[in-house]
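# Chains, contacts and geometry: an overview
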Amino acid sequence: MKKRTLSQIIILLILIAGVVVVVLPMIYMVSTSLKPNGALYEYPPRFFPKLDEITLENYQYILAQKKFIRNFINSLFVSIVTVTVSAIVSSALAYCIARFRFPGRTVLFAFIILTMIIPGMTMIIPQYELAVKLGTINRLGGLIPFYVAWVIPYSTFMIKGFVENIPRELDEATYMDGGSVFTVYFRIVLPLAKPGIASVSIFNFLTAWEEFPWANTVINDDFKRTLPIAISGFFGQHQFTQWGYVFALSVLSLLPILIVFIACQKFFVAGLTSGSVKG
Amino acid sequence: MKLKAKGKIQIGVLLLPGLLIFGLFTVYPIVRLFIMSMTKWDFGSFANQELIGFANYMEVLTDKDFHVVFGNTIIYTLITVPGQMILGLLIALLINSLLRGQIPFRVAYYLPVITSWVIASLVFKYVFNTEGLLNYFLCNVIHLSKQNIHWLDTRWGGMAVAMLLGTWKGIGWNMVVFLAALQTVPLELYESAALDGANSWHKFFDITIPSIRGTILFALVMLTIGGFNVYTSIKLITDGKPGHQTDVVLTWMYYKAFSAGKFGYAAALSFIIAIVLAILAVIQFRLMENKE
Amino acid sequence: MKKKKISAIALAAMLSLTAFAGCGGQSPNVSDSTAGSSDSASGNETSEDVTINFWHHYSAQSAENETLTEVLIPKFEEENPGIHVNAVSHEWADLHEKILISAQSETLPDVARLDSAWVPEFEKMGILVPLNEEMTDYADVSSGLLESAMTTAEVDGKNYGLALNTNTKILYYNVEALKNAGIEVPTTMDEFADACKKLSGTNEAGQQVWGYDEPALSGWNLCPFIWSMGGSITNEEQTKASGYINSAETVAAIQMFADLYQDNAITGWNSGDIPMTDGFGTGRYAMLLEGPWKVAEMKGAYPDFAYETAAVPAGKGGSISVLGGEDISMFNTANKDAAWKFMKFMTGSYAQEEMAKCGQIPCNKEALESDTVKNADFAPYIEQLETAKSRPTVACWSEIDSALSEAVTAVVNGEKTAQDAMDELATEVDALLAE
C-alpha cells in the first residue's frame, strides 16, 4: 500500500512539473498584458510584473477602440453561424451516407476522406478565384461558406460514426409508426448523435474562431476583420510593436474559447474517443 | 428497406445543401486547381491563361527553393509527429495511472490546443526574441550561453522554434486521444500478464501498444497531415526569413501565388503536396496492416 | 401536422444556406458602406451617397493615421456631403500585395497612397487612371504641386498620380553614445564604418549594443550606401544591371555591410532583432538612417531621448540618400468624381499642412510656404533631397528588390561572397529588365 502511495506522489509531481512547463508561455502572455506598455524592453526582463507596476492600461486601450469590439463581434458571428450551418449540413450528410444507398454514395464518401487528407490551404488559389466570381471578397458573410466547406468532411466523418452506433431498429420502429426519413432524422438521429455533433461543433467553433490565412487574404476593411487578423495587424514590421496591446487582445480573444471548452469538456472527450478508437 | 418516392425526395432534400456546399466550395476548387496547375498564369495574364501541360510541375520539382522548403516540411513532420505522440502517450499513461484528480490535468494539458495559432506564435516569437526572456534566462540566470542566441535568425533556429511550438501545441490532443484509448484496454490482459510474471516494460510493449494500435495509426495519419499543414506559425514567427530558408511548403505556396503572382507554379505545388500526403496516408495504413 | 412543421424547418435551413452561398450576387465594386457609416440613421442620405475606399500605409497606431481619420476625413466629408471615405491601413509590404491580389479580382479600392516606386509596375498592369487625360482640371491641380515630386508619377508622358508627400532618409544618432565613445558625427563612409565598430559592444547592464540599425535589406535600405560609395543598380537608361549592380563600388558597399555585421557592429533585419524605434530609444542602436516621420514617432514613444540628425555620410559618390515619397493614385474601377475630389483634398494646402505636423513633407507649394512647415524644421531633409536619387523606375522593381534582398541576405550570412552573389544577381536582374 505504501509503495502505491509513493508512486502516486511521484506521478503527481511529474505531471505537475509538466503542467508548469506547458502553461508557462500562457502565464507569460497574461503577465505581459498586465505590464505598462513602455516596460516591455525593460532590463532585466521579468517574468512577472512588479506588483506596483501591474496595470490594466492595455485592456483599457483595447476596450476603448470601437474596431476591436467590432472584430470581436465579427469573430463571434462568423463562428456561430459556421457551427450552426455545418452541424445541420454534416449531420444530414452523415445520416444519409450511414443509412441509405444512393447513386454516387461511394464517390461522395471517397471525396470526403480525400479532402480530409489534403490541407485546406492548398485550395486557397481556386477558392480565391471562386470568391471573386461570387463577389464575396471583403465580405464578412463571405467567409462562412468557405469555413463550412472546410469543416464538412471531418464533421461528416465523425458524426457518421455516431449515427452508425444508433440501432437500426429505432429507424424501423419509426417507419412502422408512419414516420418518414425526416422524422427519423429529427427525432432519432439528431437527439441520439448529439454528443458527436456537439464535439465536432466545438472543433468547428475553434477552427472558425482562429482561422487566419483565408480571412487575412480576403478581408480588407478594419471593421470587417476577425480577431486573428486584428491581433496580427499590430505588427508594423519595422516600427515598434506594442506587445502589451497584442497580448491584452490575445487574452480577451481566448476567453470565449476557454468558456466553450470548459462548458463542453464532457462532449469533447466523447467525440475524440469515438473517432480514435474506431480509427 | 424499400422507400417510397416521398422518402427519396426527402433524402434528396437532406443531401442537397451538403452536396451544394461541398461541391461548389471544395470539389470544384480541386478540379480548378488541377487545371490551373497546367496553365501559365502570372500577374497581368489573368485573362489569357494558356495551357502548358506539366511545365509548372517541372519548374516546381527542379526549383532549388522548393527543395529547401520541402526539406523543412519533412523535417518538421519527422520531428514534431513522434515528439507529440511520445510525450502525449507518456502523459496519458501517467494520468491514466492516477487514482484520482485526472480531470484537472486533462484540462491543463489541453490548454495549448485551444490557444489559437496566431496567439501561440506571437507568444513564442516574443519569448524567443534575441532580446527575449529565454535568452536572458540562458545567459544571465543559468549562464548556459555567453551570448544571446539568435533563435529566429537562422534556418535551424527558426525551424527549431516552430517545431517546439508545434509539439507544445499538439501534446494535449495526443494526450486526450491516447487516454481514451488506454481506457478501453481490458484490465484482464494486464492481470493475466502479471500472473505470468511480466514486468512493466513487457506489459507496455506486449499489451498496451498492440491494444491501441488503431489509435496510433489514427494519430499518425492526422498528425502527418497536420505537419504539412503548418502555415501560421512560420508566417508570423519568421515569415520565411532569412531568404526563404525557413519557409515550409504552404508559406512558400502562398508567397509564390499572392506575392510573386506565379499562380500556375503555386497550383502545381499545391497539387504535389496533396499527392504526397495521399501517398503517405496509404503507406501508413499499409505499414500498420502488415504489422497485424 | 408535425411532418409539415419539420419540412418547414428544413426548408428554412436550406434557404438560409443558399442565402449565404449567394450573399455576393452583386458586383464587388458596388461600394458598401457598412464600415463606419454611423450617420445612416440621420435621414440625410440620398441615392447619390457614395463611399470611396482609400488604402494607405500610414501605420495603424501612428500620428498620421490619427490625423487622417480624426481630422482630415471628417473635414472632407463635411465639405463634400454625400461622399464617405473608408480608409484602410495596411502594412507597407501588405499594401503592395493586397493591390496585386485585388487587381486580379477587380476589388481594388478607389484611391490609394502608393510608394512612388510602385507606380511603373501598376501602370504596366493597366490599373491606374491617367489623370492628365481624364481630369479636365488636372493642369491646375498639378501646377500647385512640386514639379520634382510630380515626376515620380509620370510614365511615358502620362500622369498616374498626384504627389502626396516627399521624403528622404538622413542620419539619426544618439548624442550621448557618440559622446561617450569620444567620436565625431561620421561624415564619410569610412568614418561611418569606424563609428559603427566603436559604438558597438556591451553597455553597463551587460547588454549588446550596435552602432547602426538597418531594419531590412531591400533597395530602400541599401541604396544610400551603394550610391554614396559610387555604385549603382542599373545603367542610366535602366536597361542593364551587369557592370552596375556587380561593379566594384556596389560590391564594396555590400561587403562593408557584411563585414560590419560579422563584427556585430550593425544589425536590424533579423526576425529576432529589436524593432528600430525601440532599439534607438533605449540606446541599443546608436545610429539610423530614417525619414522625417521618425521625429513624431520618437516624441510619442521616447520623449526624453536625446538625438540629433546629420547628412548621409559621403563616399566617393557623394552623400546620396534615397528619394522616398508617396503618390495618391486612382484605380480604373474607381468612382472617378468622388475619388478625384478626395485626391485634390489630400494634396490641398489644408490636408498637407495637417500632415506636415506628423512629419510628412508636403508637395503642395502653398503648404510648403506655411508657418507650420517652416516650424517643422524639414531643412535637413530638404537639403538631403537635393542629391537624393530615386530607385529604378521600372515595372519589375518589386521583383528586383526582393532578388536584391535575398542576395544580400546570403552575403551577410556568409553563404556567398559579395562578388559571387552580385554577379548572379546581375544576370537575374538583366533578365527581368529585358522582359
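## Details of the overall build of chain A
- Secondary structure summary: chain A contains 13 helices and zero strands in total.
- Its helices and strands taken in sequence order, chain A reads α-α-α-α-α-α-α-α-α-α-α-α-α from the N to the C terminus.
- For 279 residues, the compact-globule estimate of 2.2 N^0.38 gives 19 Å, and chain A exceeds it by more than 25% at 23 Å.
- Its C-alpha atoms give chain A principal-axis dimensions of about 75 × 70 × 30 Å.
- Taking all 279 residues of chain A together, 51% fall into the buried category.
- Across chain A, the fraction of contacts at a sequence separation of at least 24, relative to all contacts at a separation of at least 6, is 76%.

## Thoughts on the sheet that holds strand S13 (residues 323–330) of chain C
Residues and elements named next belong to chain C.
- The six strands lie next to each other as S2-S1-S3-S13-S6-S14, forming an open sheet whose pairing is mixed. In the strand order of this sheet, the two ends are held by strand S2 (83–89) and strand S14 (361–362), each with one partner.
- Taken strand by strand, helix H14 (residues 336–346) contacts strand S1 (50–56), S2, strand S3 (111–115), strand S6 (162–168) and S13, and its axis lies near 150 degrees from that of S13.

## Things to note about the interface of chain C and chain B
- Every contact between the two is made by 19 residues of chain C and, on the other side, 27 residues of chain B.
- Counting only elements with at least two residues in the side of chain C that touches chain B, the list comes to helix H1 (2–21), helix H3 (92–105) and helix H19 (397–412) of chain C.

## Quick word on the pairing of strand S7 (residues 170–174) of chain C
All names here are of chain C.
- Burial runs high along S7: five of the five residues are buried.
- For S7 and strand S11 (residues 285–290), the ladder comprises four bridges, and the chain directions are antiparallel. Within S11, the residue paired with Leu 171 across the bridge is Leu 289.
- As paired elements, S7 and strand S12 (residues 307–310) share four bridges and run antiparallel to each other.

## Examining the interface of chain B and chain A
- Tallying the contact residues gives 74 residues for chain B and 66 residues for chain A.
- It is helix H1 (residues 5–36) of chain B that contributes the most residues to the side of chain B that touches chain A, 18 residues altogether.
- Class assignment for the residues of the side of chain B that touches chain A results in 58 nonpolar, 14 polar and two charged.

## Section: the pairing of S2 of chain C
Residues and elements named next belong to chain C.
- Buried residues dominate S2, accounting for seven of its seven residues.
- The side-chain alternation of S2 yields two buried faces, one formed by Ile 83, Val 85, Ala 87 and Ser 89 and the other by His 84, Asn 86 and Val 88.
- Looking at chain direction, S1 and S2 are connected through seven bridges and run parallel. Bridging from a neighbouring strand, Val 50 pairs with Ile 83 of S2.
- One crossover worth recording links S1 to the parallel S2 by way of helix H2 (residues 63–79), and it is right-handed.

## As for the packing of helix H5 (residues 117–128) of chain B against helix H7 (residues 155–182) of chain B
Residue and element names in this part refer to chain B.
- Between H5 and H7, whose axes approach to 11 Å, the crossing angle comes to 135 degrees. Viewed along their axes, H5 and H7 adopt a mutual orientation that is oblique. For the element pair H5 and H7, the recorded crossing hand is right-handed. Taking contact as the criterion, the partners of Ala 120, Ser 121, Phe 124 and Phe 128 in H5 are, on H7, Val 161, Leu 165 and Lys 169.
- Looking at the contact of H5 with H7, its residues break down into five nonpolar, one polar and one charged.

## Some remarks on the packing of H2 of chain C against helix H15 (residues 349–356) of chain C
Residues and elements named next belong to chain C.
- For the pair H2 and H15, interaxial distance at closest approach is 10 Å and the crossing angle is 140 degrees. For the element pair H2 and H15, the recorded crossing hand is right-handed. Within the contact between the two elements, H2 uses Glu 64, Thr 67, Val 71 and Leu 72 and H15 uses Ala 351, Glu 354 and Met 355.
- In terms of residue class, the contact of H2 with H15 is made up of four nonpolar, one polar and two charged.

## Quick word on the environment of Ala 215 of chain A
- When you line up the elements, Ala 215 of chain A lands in helix H10 (residues 213–218).
- In this structure, Ala 215 of chain A is in contact with Leu 143, Thr 226, Pro 228 and Ile 229 of chain A, ignoring residues within four places of it in sequence.

## Re the nonpolar core
- Judged by nonpolar contacts, the single largest core of 290 residues is most densely connected at Val 249 of chain B together with Val 111 and Phe 342 of chain C.
- In terms of domain composition, this core takes at least three residues from each of domain 1 (53–160 + 324–385) and domain 2 (170–322 + 393–434) of chain C.
- Not counting chain neighbours up to four residues away, the residues in contact with Val 249 of chain B comprise Val 69, Phe 70, Thr 73, Phe 228, Leu 269 and Ile 273 of chain B.

## Focus: the confidence of the model for chain B
Residue and element names in this part refer to chain B.
- The pLDDT averaged across chain B works out to 89; a share of 95% of its residues lies at or above 70.
- Of all secondary-structure elements in chain B, the lowest mean pLDDT belongs to strand S2 (residues 50–51), at 82, while helix H3 (residues 64–96) reaches the highest, 96.
- This prediction of the complex comes with two scores: 0.87 for pTM and 0.89 for ipTM.

## Regarding unusual backbone geometry
- Between Lys 241 of chain B and Pro 242 of chain B the backbone carries a cis peptide bond, its omega angle lying at -5 degrees.
- Within the fold, Pro 242 of chain B resides in the loop between helix H11 (232–237) and helix H12 (249–259).
- The phi torsion at Asp 239 of chain B lies on the positive side, around 55 degrees, for a residue other than glycine.
- Take Asp 239 of chain B: it is sitting in the loop between H11 and H12.
- You will see that Gln 238 of chain C, though not glycine, has its phi angle at about 60 degrees, which is positive.

About the thresholds
Residues numbered from 1 in each chain as written. Chains lettered and ligands numbered in written order. Predicted model: local features only at pLDDT ≥ 70, side-chain atom pairs only at ≥ 80, totals over all residues. Helix = DSSP H or I, 4+ residues; strand = E, 2+ residues; numbered from the N terminus. Rg over C-alpha atoms; globule rule 2.2 N^0.38 Å. Buried ≥ 20, exposed ≤ 12 C-beta atoms within 10 Å, placed from the backbone. Contact = placed C-beta atoms within 7 Å. Pairing = 2+ DSSP bridges. Axes fitted to C-alpha atoms, helices over the stretch in contact; angles between N-to-C directions. Nonpolar A, V, L, I, M, F, W, Y, C, P; charged D, E, K, R; others polar. Right-handed = clockwise from strand over helix to strand, strands pointing away. Parallel < 35°, antiparallel > 145°, perpendicular 65-115°, else oblique. Left-handed = near helix turned anticlockwise from the far one by under 90°. Core = buried A, V, L, I, M, F, W, Y, C linked by C-beta atoms within 7 Å. Domains from an automatic or database assignment. pLDDT = per-residue confidence, 0-100.

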